[in-house]
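Given next are the chains, with one letter for each unit.
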Amino acid sequence: MTTPGPSRARWRRSTCSGTNGNCVETAASTAVTVRDSKDPDGTHLAFTPAAWQAFTATVKAGTRRA
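Everything numeric in this text was worked out from a predicted model, so none of it was measured.

Procedures and definitions
- Residues numbered from 1 in each chain as written.
- Predicted model: local features only at pLDDT ≥ 70, side-chain atom pairs only at ≥ 80, totals over all residues.
- Heavy atoms only, no water.
- Pairing = 2+ DSSP bridges.
- Helix = DSSP H or I, 4+ residues; strand = E, 2+ residues; numbered from the N terminus.
- Buried < 20%, exposed > 50% of the residue type's maximum accessible area, 1.4 Å probe, protein only.

Caption draft 1: Representation of the sheet that holds strand E2 (residues 24–28) within the structure. An order of E1-E2-E3-E4 is seen for the four strands of this open sheet, with the pairing classed as antiparallel. Where the open sheet ends on each side, the last strands, each with one partner, are strand E1 (12–13) and strand E4 (45–47). Where E1 meets E2, two bridges bridge the pair, whose relative direction is antiparallel. Residue pairing for E2: Arg13 is matched across the bridge by Glu25.

In structure tokens form, the structure reads like this:
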């Protein structure tokens with residue numbers, strides 16, 4: 001899976017994020033990449049668009065999978 005390099009990605013933070021610094025940022029290309037906003041040069045996680053969509057739909061629905 002191809003993901004953009006951290007310096008070339010267009011990172012976004014949710015408008016629902018508070019000011020306490022506990023945020024994640026996402027960038028999308030052929031994959032959805034996620035990073036900790038407090039450590040932008042740290043580890044990045046990459047998901048297929050379908051996997052990210054399933055995750056966000058589950059969060060929005062307020063459901064959990066065991």
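Next, the rest of the story.
Caption draft 2: The arrangement of the pairing of E2 in detail. Here E2 shows one buried face, formed by Glu25 and Ala27, and one open face, formed by Val24, Thr26 and Ala28. Judged from the five bridges that link them, E2 and strand E3 (residues 32–36) form a sheet pairing that is antiparallel. Residue pairing across strands places Val24 opposite Asp36, the latter belonging to E3. Between E2 and E3, which pair antiparallel in sequence order, lie three residues.

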